[in-house]
Amino acid sequence: EAFDPSGRFNPGKVLPEPAALATAPVAETPDTLRALSTLLAEASAGEQRVVLRGHSTKAPAPPEGAVVCSLSGLDRVLHFDHENLTVVAQAGITFPALDAVLAAHGQMLPLRPRFRETATLGGALATNDSGPCRLRYGGPRDLVTGVRAVLPDGAVVTFGSACVKNVAGYALEKLLLGSRGTLAALAEVTLRTLPRPEAARTLVLTVATPAALEAFLADLLASPLQPAAVE
């Protein structure tokens, strides 16, 4: 609305609404890892194309003839080690549901993807959508320490671990971040959590010229202050 109030420039494509993206009916919604593995194995054997979905907040229309598989049935927190600041969650969980579990122990996951109220964890990681808090906390690559995924042939693989300082072998879990479900289906994710701030404030600054804004940002980033996000 701010950039294009009249909807003249590429309407519905730059920032499409979630409803506009859900253009194909969901054919399958597995609710267990075994069910997801079986689905992909059978599709692979039958040479059937499968398109993965969360809540369709970032996905384009699927190709004709593809089976749309929603991972929204995998929506649970499997393990929350609040003392060591790690959580294991299924890919179909929404951010508000995950927030509720983490907030009970004063922690958070600093990812703010588009349509965060309905977006799924797996969808945000598959599209590498971190949001403006990346400035302070980093993106998915900085928060994900391990994944359990299902390959197109149905094989279940595990990369990484729950250890924050895991340096053994290649970090193949990072390869899946931003892959948009083309390499494997994210099923379970292990992430670092962070302490929730005691208070948060949003400040709006009005400047006269781009040069003044540039000078302000330079001073801000050089100061002892550490803003969580700057838009």
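Use the structure listed above.
To start, this report covers the structure provided alongside it.

Rules of the game
Per chain, the residues get numbers from 1 upward, laid out in the order the sequence is written. Per-residue local features of the predicted model are confined to residues with pLDDT of at least 70, and side-chain atom pairs are confined, for both listing and counting, to 80 or more; whole-chain, interface and lining totals are unaffected and use all residues. Each side-chain value is derived from all of the structure's non-hydrogen atoms; neither hydrogens nor water enter the calculation. Secondary structure follows DSSP: runs of H or I at least 4 residues long count as helices, runs of E at least 2 residues long count as strands, and numbering of each begins at the N terminus. Per-residue accessibility, obtained with a 1.4 Å probe over protein chains only, is compared with the maximum for each type, and a residue is labelled buried under 20%, exposed over 50%, and partly exposed between these values. Contact between two residues is taken to exist if any of their heavy atoms lie within 4.5 Å; hydrogens are not considered. Accessible surface area values rest on a Shrake-Rupley calculation with a 1.4 Å probe, where residue burial reflects the displayed protein chains alone. The pairing criterion is simple: DSSP has to find at least two bridges between the two strands. In a helix, the anticipated span is given by 1.5 Å times the number of residues less one. Arc definition: directions from the helix axis to the C-beta atoms. Here an angle of 0 to 180 degrees is reported between the N-to-C directions of two axes, which are lines fitted to C-alpha atoms, with helices fitted over the stretch in contact. Every case where a carboxyl oxygen of Asp or Glu lies within 4 Å of a side-chain nitrogen of Lys or Arg is listed as a salt bridge.

1. A few points about the overall build of the protein chain
Here is step 1: Of the regular secondary structure elements, the protein chain holds seven helices and nine strands.
Here is step 2: Relative to its 231 residues, the protein chain shows a buried fraction of 36%.
Here is step 3: Taking the contacts inside the protein chain whose residues are at least 6 apart along the sequence as the reference set, 63% of them involve residues at least 24 apart.
Here is step 4: In the form shown here, the protein chain has an accessible surface area of approximately 13700 Å², with 55% of it arising from carbon and sulfur atoms.

2. A word on the pairing of strand S6 (residues 144-150)
Here is step 1: Along S6, six of the seven residues are buried, which leaves the element largely enclosed by surrounding structure.
Here is step 2: Where S6 meets strand S8 (residues 185-192), six bridges bridge the pair, whose relative direction is antiparallel. Paired with arginine 148 across the bridge in S8 is glutamate 188.
Here is step 3: Where S6 and strand S7 (residues 156-160) come together, five bridges link them in antiparallel fashion. Across the sheet, valine 147 pairs through a bridge with phenylalanine 159, a residue of S7.

3. Observations concerning helix H2 (residues 33-45)
It helps to recall that an α-helix has 3.6 residues per turn; residues three or four apart then point in one direction.
Here is step 1: Taking 1.5 Å as the rise per residue, H2 with 13 residues should run 18 Å; its terminal C-alpha atoms sit 18 Å apart, in good agreement.
Here is step 2: When H2 is considered as a whole, its buried residues turn out to be Leu33, Leu36, Ser37, Leu39, Leu40 and Ala43. Taken around the axis of H2, the buried residues stretch over an arc of 160°, which confines them to a single face. Along H2, the residues that are exposed and aim more than 90 degrees away from the buried face are Arg34, Glu42 and Ala45.
Here is step 3: Summarising the contacts, the buried residues of H2 are in contact with strand S1 (50-53), strand S2 (67-70), S6, S7 and S8.
Here is step 4: With its phi angle positive at about 55°, glutamate 47 sits one or two positions after the end of H2.

4. A few points about the sheet that holds strand S4 (residues 86-90)
Here is step 1: If you walk across this open sheet you meet the five strands as S3-S4-S8-S6-S7, and the pairing is antiparallel. Sheet topology places strand S3 (77-81) and S7 at the edges, where each strand pairs with a single neighbour. Shown here is a sheet whose adjacent strand axes are inclined to one another by a mean of 10°, direction ignored.
Here is step 2: Most of the contacts of helix H3 (residues 95-103) go to S3, to which it runs at about 30°, and overall it touches S3 and S4.

5. Examining the side chain of aspartate 99
Here is step 1: Within the element layout of this structure, aspartate 99 appears in helix H3.
Here is step 2: Sequence-distant contacts of aspartate 99, that is, excluding residues within four places in its chain, are made with Arg116 and Arg196.

6. Observations regarding the environment of leucine 175
Here is step 1: Mapped onto the elements of the fold, leucine 175 is located in the loop between S7 and S8.
Here is step 2: On the basis of relative accessible area, leucine 175 is assigned to the exposed category, the value being 55%.

7. Here's the deal with H3
Here is step 1: Among all positions of H3, only Phe95, Leu98, Asp99 and Leu102 are buried. When H3 is viewed along its axis, its buried side chains cluster within an angular range of 105° and face the same direction.
Here is step 2: For H3, the elements touching its buried residues are S3, S4, strand S5 (107-108) and helix H4 (121-126).

8. Observations concerning the pattern of salt bridges
Here is step 1: Following the criterion strictly, the structure yields two salt bridges and no others.
Here is step 2: Close ionic contact of arginine 116 with aspartate 99 constitutes a salt bridge, the shortest N to O distance being 2.7 Å. In this pair, arginine 116 sits in the loop between S5 and H4 while aspartate 99 sits in helix H3, placing the two residues 17 residues apart along the sequence. No difference in accessibility class separates arginine 116 from aspartate 99, as the two residues are buried.
Here is step 3: Glutamate 188 is the salt-bridge partner of arginine 148, the closest N and O atoms lying 3.7 Å from each other. Within this pair, whereas arginine 148 is found in strand S6, its partner glutamate 188 is found in strand S8, the two being separated by 40 residues in sequence.
Here is step 4: Judged by its relative accessible area of 33%, arginine 148 is partly exposed.
Here is step 5: The class of glutamate 188 is buried, set by a relative accessible area of 15%.

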